Amino acid sequence: MRSLGGYLELQLSRGEEFYPSLLKLNTGRNAFEYLLRVNRYRLVHVPYYTCEVMLEPLKRLGIAFQYYTIDEQMDPVLDFEVGPDECLLYTNYFGLKQETVVRLSRLFQNLIIDNSQAFFSAPQEGIDTFYSCRKFFGVPDGAYLQINSPQRLKLEQDVSFERFSHLIKSIDLGIETGYEDFINNNVQLSNNPVRRMSALSQKILSGIDYKTCRYRRNSNFMYLHDFLEAHNDYRFDASVINGPMVYPLLTSSLSLKKKLLDKRIYVASYWPNVLEWTTKMMYEHYLTSHLIALPIDHRYTHADMKRMLNILKTSL
Ligand SMILES: Cc1ncc(COP(=O)(O)O)c(C=O)c1O
């Protein structure tokens, strides 16, 4: 029975999560580990173009992996076989690769879709798929998992209030002041055991207006695309966008990032580890050093997009 009375708690909106029927876990990488533990693959085909934390579960479980390359559409170059006790891991890059996800779902039984960058892209029926919530919303952690197998792991629930400081600091002191805490709290996510999603993250995720968040992402994305399409070396079909993560601008310029930074426009690099995993001759190496991931999320309006474009226009 719960207690009554006492001090008043932080009050958050009550609503529904976006994926109420999926398994709720603590991190994306641990959702991947959950799949590996249940499906007992012997070898995993991992894209060169992904985040190094995806290797944590493979190393922890001692599962062999082999890198594969992607082409200029960010589709896998399928010049290898996926054996019966092997699987293919594919990232829905920036939330723009749903068509490839659908195609791969028809081609492969042993497939894991990493939708960490594609929160709003629905999982394909019968396809193991996971999501990482902190890439899209202000939560310390949290992941959703669609798993085909009926087998379930028995797990403890995670507790995430000690990794929360950057989220409250940003409200009181501004996002830049909270940045150091963000980095430190990220480090805390490494080598964490697989657990159920914390009550804190779940509560926050239950209070989000997902419809508005998705709408703003689509609208900001298209605002940028109207101008940037002509300058973007990465070609994609913008008619199917569905709340993408960022606007990926690929240009040969190496000075743009610095220009944005000077104006306090922070763009993440996806992913610094790829520079170590690949040679300069490889497309993934070029993508990592040249792709600029422009923020388009629910915090922003067209006025913010215009500010970004004005800076970019001087250099494109
Ligand atoms: C593509 C991709 N997949 C998975 C992850 C892992 O997600 P999480 O931090 O929730 O473990 C990340 C980054 O952290 C990522 O960039």
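Below is a summary of the structure that appears in this document. What you are looking at is a predicted structure, and each value in this text was computed from that prediction instead of being measured. (Residues numbered from 1 in each chain as written. Predicted model: local features only at pLDDT ≥ 70, side-chain atom pairs only at ≥ 80, totals over all residues. Heavy atoms only, no water.)

Glancing now at the overall build of the protein. What the protein contains, in helices and strands, is 11 helices and nine strands. Expected size for 316 residues packed as a compact globule is a radius of gyration near 20 Å; at 20 Å, the protein falls within 12% of this value. For the protein, the C-alpha atoms occupy an extent of roughly 60 × 55 × 35 Å along the three principal directions. Residue pairs in contact within the protein that sit at least 24 positions apart in sequence constitute 66% of those at least 6 positions apart. Looking at charge distribution, the protein has the averaged site of its 36 positive side-chain charges lying 4 Å from that of its 35 negative ones. (Helix = DSSP H or I, 4+ residues; strand = E, 2+ residues; numbered from the N terminus. Rg over C-alpha atoms; globule rule 2.2 N^0.38 Å. Contact = heavy atoms within 4.5 Å. Lys, Arg positive; Asp, Glu negative; His and termini not counted. Charge placed at Lys NZ, Arg CZ, Asp CG, Glu CD.)

Before going further, it helps to spend a moment on the packing of aromatic side chains. Under the criterion given, the structure shown has 33 aromatic pairs. Both rings, one in Phe119 and one in Phe136, keep their centres 5.9 Å apart while their planes meet at 40°; by these two values the pair is tilted. Pair noted here: Phe119 is in the loop between β5 (111–114) and β6 (128–132) and Phe136 is in the loop between β6 and β7 (143–146), with a separation of 17 residues, a long-range link. A residue is classified by how much of its surface remains accessible, and Phe136, at 3% relative accessible area, is buried. A connected cluster of aromatic rings, assembled from ring pairs, spans Phe18, Tyr19, Phe119, Phe120, Tyr131, Phe136, Phe137, Tyr144 and Tyr210. (Phe/Tyr/Trp six-rings, centres within 6.5 Å; stacked < 30°, edge-to-face > 60°. Buried < 20%, exposed > 50% of the residue type's maximum accessible area, 1.4 Å probe, protein only.)

Let us now look at the site of the ligand. Taken together, 14 residues form the shell around the ligand, and within it Gly28, Arg29, Asp114, Ser132 and Arg134 come nearest. One nitrogen or oxygen atom from the side chain of Arg134 is found 2.6 Å from an oxygen atom belonging to the ligand. Here an oxygen atom of the ligand and a side-chain polar atom of Lys135 are 3.1 Å apart. Surface burial for the ligand is 96%, taken as the share of its 380 Å² of free accessible area covered by protein chains. Residues belonging to the shell around the ligand are distributed by class as follows: four nonpolar, six polar and four charged. (Near = heavy atom within 4 Å. Polar contact = N/O pair within 3.5 Å; in protein donor to acceptor, adjacent residues only side chain to side chain. Areas by Shrake-Rupley, 256 points an atom, 1.4 Å probe, with all protein chains shown as cover. Nonpolar A, V, L, I, M, F, W, Y, C, P; charged D, E, K, R; others polar.)

Further remarks concern the sheet that holds strand β2 (residues 43–47). Spatially, β1-β7-β6-β5-β4-β2-β3 is the arrangement adopted by the seven strands of the open sheet, whose pairing is mixed. Of all the strands in the sheet, the pair left with one neighbour each is β1 (23–25) and β3 (64–68). Neighbour-to-neighbour, the strand axes of the sheet open up by a mean angle of 20°, direction not taken into account. As paired elements, β2 and strand β4 (residues 86–91) share three bridges and run parallel to each other. From the neighbouring strand, Leu43 faces β4, where its bridge partner is Glu86. (Pairing = 2+ DSSP bridges. Axes fitted to C-alpha atoms, helices over the stretch in contact; angles between N-to-C directions.)

This part is about the pairing of β2. Taking burial as the measure, the five residues of β2 include five buried ones, the bulk of the element. Residues of β2 alternate between two faces, with Leu43, His45 and Pro47 on one and Val44 and Val46 on the opposite face, all of them buried. Relative to β3, β2 is paired through five bridges, and the arrangement is parallel. Counterpart to Pro47 in the pairing with β3 is Tyr68. For the handedness criterion, the β-α-β arrangement of β2, helix α2 (residues 55–61) and β3 is classed as right-handed. (Right-handed = clockwise from strand over helix to strand, strands pointing away.)

Residue Trp271 is reached from Tyr270 by a cis peptide bond, and omega for that bond is -15°. Position of Trp271 among the secondary structure elements: in the loop between α8 (256–262) and α9 (272–277). Despite not being glycine, Phe94 shows a phi value in the positive range, around 55°. Phi is positive for Arg264, which is not a glycine, with a value near 65°. Residue placement: Arg264 occurs in the loop between α8 and α9. We classify Arg264 as exposed; its relative accessible area is 54%.

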